[in-house]
Structures are given as structure tokens and as C-alpha cells.
Amino acid sequence: MPEAAVPPTPPVPLTALLAREDLGLRQLAGPPAEGVVVHWVHTSEMADPYPYLLGGELLLSAGVHIPRAAGPGTSYFDDYVSRIVAAGGAALGFGVAPVHDTVPQALVAACAAHGLPLLEVPPRTTFSGVARAVWQLMARARLAELRRVTEAQQSLATAASRPDPVPSVLRQLAQRLGGWAVLYGPEGTEIAGAGREPGDEARGALTRLGEVVRPPAARPGPTSPLAVRTTEPGAPPPPERPATAASPDPNRPAPSSATDSVAGQHLAAYSLGAGHGFVLGVAAPQRTPGDHTVASVAAVLLSLLTGEQQSGTGAARSSALVRMLLGVSPGEVASLLGDGPWVVVRARPDGDGAPDPVAASALGAALGSALVDPAGDVVRVLVPADRAPADPLPGWTLGVSAAVEPEDWPTADTQAARALTRARATRAPLLRHGARPALTDLVPPGEAAAHARALLDPVTARPALTETLRTWLSLHGSWDRTAVALSVHRNTVRQRIARCAALLATDLDDPDVRMELWFALRHI
């Protein structure tokens with residue numbers, strides 16, 4: 001039987017056609033309709049329709065081709081049905097009228113013998129009506145599939161911006177495909193996986209399929225555990241697999257993707273585009289036309305998360321870094337990084353633990369900037385002002401500075417740090433530095449700074465006291481929220497504030513004192 005050249009449009013289940021009351025179709029023979037799908041409709045009155053079929057058709061005929069001599073004692077119907085089956089036809093629809101009053105019993109027997117679903121098309125139903133119904137059902141299925149793929153793309157992009165991007169993308173992919181998704185490293189080991197794990201046979205076949213798409217330069221050597229298969233003494237040899245899955249030709253370029261079916265599982269492997277040997281593997285009990293698109297989107301995202309892209313932009317960033325290290329001011333190299341002004345975004349992942357470099361890169365990608373600095377439990381990102389985040393990012397708490405020119409990047413970093421502190425204390429997913437004209441602008445900066453140094457001199461020598469006082473005032477004297485913001489115990493906050501009050505010899509419950517101290521703290 002030739003391989004069916006099926007279109008990318010989702011096929012129509014035969015049960016959906018039988019359920020259409022306006023068609024009135026009735027199955028007379030063949031296997032149950034639940035496992036049969038129709039890819040297109042073709043009408044033919046040829047005695048041998050084989051040359052005109054591509055496979056997957058619902059073939060419609062009114063029996064014009066049936067000779068008068070055909071009957072139970074001849075082989076005509078058996079030959080006719082066998083040719084349809086050999087061409088890959090999905091089902092046969094026989095129109096009752098105008099030629100035949102009933103479906104020939106010899107045709108019913110032949111379809112039953114060859115396992116071809118036979119449908120009776122009543123006189124009131126035209127063949128064009130059947131075709132139109134198939135196209136309508138295909139259009140609905142296509143629209144539903146496009147909607148599913150679009151939603152999957154959006155959810156995968158959101159997952160890639162989370163603090164744990166690789167596991168999040170794999171979880172989302174496994175959920176969308178209803179199976180298992182796994183990331184293989186350059187050595188063929190499983191780095192991360194999510195979803196319902198398949199059996200050992202399918203799992204082993206998927207590992208071997210990953211070797212087919214892995215670039216030859218990144219494949220394990222002859223001493224690798226993937227290249228040498230061992231068995232216990234006396235154990236039977238491992239089952240043979242197709243040569244394409246077990247032993248890829250090292251002299252041929254690897255394909256970007258490969259598929260297989262093992263133990264009731266549809267397997268697919270995708271080479272990640274960074275060229276470092278990472279492979280995405282997918283195993284699912286069923287496969288729809290849109291699944292390849294969804295998995296391809298995940299492969300692109302994982303390629304960005306697992307590899308470094310070398311480009312002219314990257315060279316410009318390296319040049320800017322070198323020049324700054326050699327003493328050039330930020331303003332002189334800013335043009336290499338892009339147009340300003342800029343904002344600094346400080347981000348901290350929700351929950352415990354520091355973000356890894358992959359998570360930091362994913363955050364930068366979500367913000368549209370490659371200027372990322374993972375420092376401890378906080379990630380700093382330098383972002384063009386026109387790309388400043390407008391909405392929170394799932395899994396992150398963000399503090400955003402005001403838009404500044406390159407000379408004021410250190411100030412913006414301080415603003416972002418304070419905004420992040422307030423965001424964590426108030427449990428807000430995103431806070432921006434409030435840059436607007438204020439009364440402090442009426443005082444010359446030099447005089448304001450001198451006043452601040454004189455007023456706060458007793459505490460500025462102790463940075464912990466200064467930062468505690470600043471945070472406590474910004475949070476309106478809340479002990480608990482200040483403790484959360486500074487990651488200390490509330491009693492520590494009380495002790496530090498009491499120490500500040502003693503060193504400054506002032507009453508911190510007085511709102512006028514608080515206002516003056518806040519004014520001074522903004523100028524140091």
C-alpha cells in the first residue's frame with residue numbers, strides 16, 4: 001500500500017460524519033467507525049479507482065461502473081474493494097439512486113471481508129453535500145487546532161520567562177501534548193523531564209532517537225555508555241532497532257528532527273539549534289497535526305535557554321565592556337549598546353533559592369535585553385526605557401528605576417534596589433521608582449547633600465543602621481514589613497531603630513522628624 005499523502009489539516013473522524021443528521025449516512029460493513037478518519041473526499045465511477053487515490057479518502061460512488069453480470073458468483077466486487085484498500089482509501093460511500101435501489105449485498109460482503117467501512121448514502125443526500133460537510137468539519141477542526149497551537153505558544157513563552165525556565169517549558173510542553181518531555185544533554189544524559197514517563201522500551205527508543213538528530217561533532221565517542229551497549233552474563237541480546245535509530249551515520253549531517261513509534265508511544269526528537277548537542281525528546285500516546293508545531297516552539301525556546309548566540313550585538317557588548325574596563329565613561333560606550341534612555345530592573349525570584357544563569361538569561365529575554373547580571377539572589381537587567389516592563393512577570397518580583405542617561409546608571413541601580421525592597425515588603429509583583437517633581441527639588445543639591453551629611457553623621461558610619469532607617473521610614477514605620485524587606489527579625493529592626501533614635505538624639509515618632517530624616521536620606 002502506498003504511503004498516504006495526507007494534508008496538514010486535521011482529519012475528520014468518520015463518527016462525526018455519521019452523526020450528521022442532515023446527511024443520514026448509515027454504516028453497513030467494515031470495522032467500527034471510532035478508529036477511522038477521513039482526510040478528503042473523492043468521487044469516482046472508475047472500475048479501478050486505484051490510480052486516482054492518494055490515501056485517506058472517503059470514496060463516493062453511485063455504482064455506475066458495476067456491470068450487469070457482476071454478482072455474488074463473480075470476483076468483481078472483491079477486486080474493486082481490494083484495490084481501494086490497496087490505495088489506502090479510508091471508507092466507501094455508496095449512493096442509493098439513481099442507478100441502484102439498494103447497496104449490492106456482494107459489495108457489503110466484500111467490504112466486510114477486506115475491512116473497509118461501507119456507508120450507505122440515501123437518495124436525499126448529494127455527493128457534493130457529503131463533501132461540503134467534510135470541508136466544514138475540517139475547517140472547524142483547523143480553527144480549533146490553530147487556537148490550541150496559539151494558546152500553547154503563549155503558555156510556552158510565559159514558561160520560558162519564569163525563574164526555572166527549562167523545567168517550566170518542559171512541564172508546559174508535556175501538559176499540552178499529554179505525554180512526556182525530556183531534555184538530553186550533549187552526552188545523552190537526561191537533564192530534566194516532565195509529564196507521564198513512558199515504559200522502558202519507549203524510553204530507550206527515545207534516547208536512541210535523540211542520537212539521530214544530535215550533530216555528529218557532539219555525539220558520544222566510542223567509549224560513551226550510549227555507544228557501547230552491555231548486557232548481563234546469560235541475558236538475551238537487546239532487541240534490534242532500525243539502523244537509523246541505533247547507529248546514525250557520522251559522515252552524514254544530522255536531521256533537525258526525527259520520529260518513531262514504539263510500544264504505543266509516538267516519539268519525536270528535536271535538535272536544539274545552539275549546536276552544543278542538546279536534544280528535546282517527546283513521547284505521547286497520540287499525535288495531532290499541531291503537536292509538531294507546539295514541540296518546535298518549545299525547541300526554539302530551549303535552544304535560546306541552553307545556548308549562547310554569537311552576533312554583532314554580542315561583539316558590541318563585549319567591546320563596550322572592554323572600553324569601560326579600560327577607563328572609558330558609560331556615556332562614551334552607550335551607543336554600542338543601543339539607544340537610550342535606560343532603566344535598571346532588579347528582579348528576585350519568588351520562593352527560596354538564587355536564580356541560575358539560565359533563569360537570568362530567560363529573564364533578560366523576556367525583558368528584551370541581553371545586558372543581564374545575576375548577582376546572588378537578585379538579577380539586574382539594563383533595559384532600554386521603551387522596553388521597560390509594563391506588567392509583572394510570573395515567578396518574579398521586580399523593581400524598576402526611572403529612565404536615565406548612561407551617566408546616571410549607578411543612581412538608577414539604587415532606585416531599582418529600593419523599589420525591589422518595597423515591592424517585596426508590600427508583596428507587590430512590580431514597583432517603579434516614583435520620579436516626579438517634589439519639594440526637595442527647590443533646594444540646591446549641594447546644600448541638600450551638606451545638610452544630609454551633617455544631620456545623619458551619627459548613623460552613616462553604620463550602613464546597616466542607615467539602610468534600616470531608610471526602609472523603616474519608606475514603609476511608614478512598619479516593623480513586620482521592614483523585617484521582610486531586610487530579611488531580618490522584627491526585633492532586630494526594633495533594636496536598630498532604637499539605636500538610630502539614640503544616636504540622632506531625636507523622637508522618631510514625631511512626623512516632622514521623620515519628614516526631615518527622609519529628606520536627608522534621599523541625598524546620601
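Preceding this section is the structure that the text describes.
Scope of this entry: the structure provided in the associated data block. Quantities reported herein were computed from a predicted structural model and do not represent experimental measurements.

Rules and cut-offs
Residues numbered from 1 in each chain as written. Predicted model: local features only at pLDDT ≥ 70, side-chain atom pairs only at ≥ 80, totals over all residues. Heavy atoms only, no water. Helix = DSSP H or I, 4+ residues; strand = E, 2+ residues; numbered from the N terminus. Buried < 20%, exposed > 50% of the residue type's maximum accessible area, 1.4 Å probe, protein only. Pairing = 2+ DSSP bridges. Axes fitted to C-alpha atoms, helices over the stretch in contact; angles between N-to-C directions. Contact = heavy atoms within 4.5 Å.

The next point concerns unusual backbone geometry. If a residue is not glycine, its phi is most likely negative; likewise, a peptide bond is most likely trans. In this structure, the amide linkage connecting Ala-97 to the following residue, Pro-98, adopts the cis form with an omega of 5 degrees. Notably, Arg-427 is not glycine yet its phi reads approximately 55 degrees, a positive angle. Here Arg-427 is to be found in the loop between helix H12 (409-426) and strand S17 (430-432). Positioned with a positive phi, Ser-487 is a non-glycine residue whose angle comes to about 60 degrees. With relative accessibility at 51%, the residue Ser-487 sits in the exposed group.

Spatially, the five strands line up as an open sheet ordered S9-S8-S12-S11-S10, and their pairing is antiparallel. Strand pairing shows two members of the sheet lacking a second neighbour, strand S9 (190-195) and strand S10 (257-262), which therefore form its edges. Sheet twist, expressed as the average angle between the axes of neighbouring strands with direction ignored, equals 15 degrees. Strand direction decides the pairing type here: S10 and strand S11 (residues 265-271), joined by six bridges, are antiparallel.

The next thing to look at is the sheet that holds strand S16 (residues 396-400). Strand pairing in a sheet takes place through backbone hydrogen bonds and is either antiparallel or parallel in direction. As summarised here, the arrangement of the five strands in space is S14-S15-S13-S16-S17, forming an open sheet in which the pairing is mixed. Looking at the sheet topology across the chains shown, the edges are occupied by strand S14 (372-375) and S17. Here the strands of the sheet are splayed against their neighbours by 20 degrees on average, with no regard to which way each runs. Direction of pairing for strand S13 (residues 342-349) relative to strand S15 (residues 378-384): antiparallel, over a ladder of six bridges. Its bridge partner lying in S15, Ala-347 is registered against Val-379. Against the sheet, H12 contacts S13, S15, S16 and S17, and its axis sits at roughly 35 degrees relative to S13.

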